[in-house]
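# A structural walkthrough
So the chains spell out like this:
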Amino acid sequence: MPVFASYVTLFIAILFLVSPVSAAADLAETLPASVVAVKTFQLEHKDVVAVAVETQLPAASVSDPLAYTFEPQYHITERNSILTLTVAAQSTLPADTNAAALIKFSPRLTRLATMPDNKNDFILTAAYSSRNATAAVTTVKRKRVIQPDDTIIFRTYLVLTFSDTLTTPPPKTIVLDPGHGGTALGATSNYLLEKELNLDITLLSRDIFRQHGYDVYMTRTDDSNPSLLDRADAANILQADAFLAIHNNSMPTDMPDAARKLYRGTTALYNSSALKPAKELATLLANELAGTLHLHQYPLQDRPGLVVLNSSWVPAVIVEVAMMPHPQDAKLLSQRVYRQQAAQAIFQATDKYFSLTALATRRN
Ligand SMILES: [Zn+2]
């Protein structure tokens, strides 16, 4: 079984925390580690700051890469609602990184800064309002990535989460991922660009989820193209209750045009070998889309090879709303009222999934 993220949640009840000691700690201490990114996430009910720490090893030097995990060395102190995270790592961030600008407005975080370091430590401070928020620290691992030069990059995020204390129970967190973007157009057919359809349907879904009290994070809200790993990371860092990638479908381009136009309908993709396989959620999504939109439904696809599905440690599904080469599907997709119905179906199915899981939990 592959190595998956171990979510070690350490509440800041104690003032001084040292990273968990693992079997690989000896090796980790001798490895050069770098802070390569600081990511911030502002949601309605929580703010999250994730410090990405990486190390790179020749594949040959790791006897069992599947068993190896990278544990950055760090400690955290808290005084007067100010958290200070010190990581034993060099920083490759630009010198002018203005962390304060990363959190623009938050009722919980009052200050966020990276401090000048002594080259071997990276220091981040976060001040928060203890009346409005509770703080927690977790570590989240990215899937190891084998490089063309036969080295392996291990990335671990040190994640600081500041959650609203006023909202009980805490709302569900959904990460919505509009497929493609930028120069990655996705499918193109009948004068439609998949990247634009995906974004519009996802933005419409976001609004519906928010109206129903969900905390929603979008992997993109414009014509950008985040990497697939960055998209999955967002779901993992936020410990989302579900990760939904929204796409539209096409048939292979080497198929004769006349044949491509024959297929219409909806489907959903999941990964049966994931840490949390989401076949049930995929089924609900495909059923709801097909039912609401009066579309043909293709069998679900089990796709463990797809990056967003095999790098997400939370239930993850890719939905393919409709088939773009088909003239009738294309006509429907080009209408906003229809995209609104698709967004509504995505919400209904996901909301139903959480009601069913809550019921099942109560029964056990
Ligand atoms: Zn796509």
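Within each chain, residues carry numbers counting from 1 in the order of the written sequence. Residues qualify for local features only when their pLDDT is at least 70, as the model is predicted, and side-chain atom pairs are given and counted only at 80 or more; totals for whole chains, interfaces and linings, by contrast, use all residues. Side-chain metrics in this entry use all non-hydrogen atoms of the structure; hydrogen atoms and water are not considered.

The name recorded for the protein chain in an unreviewed UniProt entry is MurNAc-LAA domain-containing protein, from Sporomusa silvacetica DSM 10669.

With that settled, consider the pattern of salt bridges. Between Lys or Arg on one side and Asp or Glu on the other, a salt bridge is scored when a side-chain nitrogen of the former is within 4 Å of a carboxyl oxygen of the latter. Throughout the structure, instances matching the rule amount to 17 salt bridges. Residue Asp230 is joined to Lys39 by a salt bridge in which the shortest nitrogen-to-oxygen separation is 2.7 Å. A residue pair is termed long-range when its members are at least 10 positions apart, and Asp230 in helix α3 (residues 228-237) and Lys39 in strand β3 (residues 34-42) qualify at 191 residues. To sort residues, take the accessible area from a 1.4 Å probe on protein chains only and compare it with the maximum for the residue type: under 20% means buried, over 50% means exposed, and anything in between is partly exposed. The class for Lys39 is buried, based on a relative accessible area of 16%. Here Arg264 makes a salt bridge to Asp329, at a shortest N to O gap of 2.7 Å. Of this pair, Arg264 sits in the loop between α4 (257-260) and β18 (267-270) while Asp329 sits in helix α7 (residues 327-333), placing them 65 residues apart in sequence. Linked by salt bridges that have partners in common, Lys39, Arg142, Asp230 and Asp233 make up one network. Strands are runs of DSSP state E lasting at least two residues, helices are runs of H or I lasting at least four, and both sets are numbered from the N terminus onward.

Here we come to the environment of Ser311. Note that Ser311 resides in the loop between α6 (307-310) and β20 (316-323). Overall, the relative accessible area of 2% leaves Ser311 in the buried class. As for Ser311 and Arg144, which are separated by 167 residues in sequence, their C-alpha atoms are 9.3 Å apart. Only heavy atoms matter for contacts: two residues are in contact if any of them lie within 4.5 Å across the pair. When neighbours within four sequence positions are excluded, Ser311 is seen to be in contact with Lys143, Leu229, Ala232 and Asn236. One polar contact links Ser311 to Lys143, side chain to side chain, over a distance of 3.4 Å. Polar contact criterion, stated in full: a pair of N or O atoms within 3.5 Å, where within protein one must be able to donate a hydrogen and the other to accept it, and residues adjacent in sequence count only if both atoms are side-chain atoms.

Our next topic: the coordination of the zinc ion. Each metal's donors are the N, O and S atoms found within 2.8 Å of it, except that Na, K and Ca use a 3.2 Å limit; water is left out, so coordination can look incomplete. Within the protein, His180 (NE2), Glu194 (OE) and His247 (ND1) serve as the donor atoms for the zinc ion, at 2.1 to 2.2 Å. Counting gaps between the donor residues of the zinc ion yields the pattern H-x13-E-x52-H. Of this pair, His180 sits in the loop between β13 (173-178) and β14 (188-189) while His247 sits in strand β17 (residues 242-249); the two residues are 67 residues apart in sequence, bridging distant segments of the chain. With relative accessibility at 13%, the residue His247 sits in the buried group.

Now for the layout of surface pockets. Here a cavity denotes a set of grid points, spaced 1 Å apart and computed over the protein atoms alone, in which a 1.4 Å probe fits but from which it cannot get out, and a pocket denotes an open set meeting protein on both sides within 12 Å along at least five of seven lines; residues with an atom within 4 Å of a point are reported as lining. Grid points are joined across faces, edges and corners, and a volume is the space filled by probe spheres set on the points. Each pocket or cavity is described by its volume, and for the largest pocket that value is around 540 Å³. Surrounding the largest pocket, 25 residues form its lining, Lys46, Ser163, Pro170, Pro171 and Thr173 being those nearest its centre. Counting residues per element, the ones that place at least two in the lining of the largest pocket are β4 (46-58), β10 (133-141) and β12 (151-164). Gly counts as polar in this scheme, as do all residues outside two lists: the nonpolar Ala, Val, Leu, Ile, Met, Phe, Trp, Tyr, Cys and Pro, and the charged Asp, Glu, Lys and Arg. Residues of the lining of the largest pocket, tallied by class, amount to nine nonpolar, 11 polar and five charged. Here the limits of each domain have been adopted from an automatic or database domain assignment. Each of domain 1 (10-164) and domain 2 (173-363) accounts for three or more of the residues forming the lining of the largest pocket.

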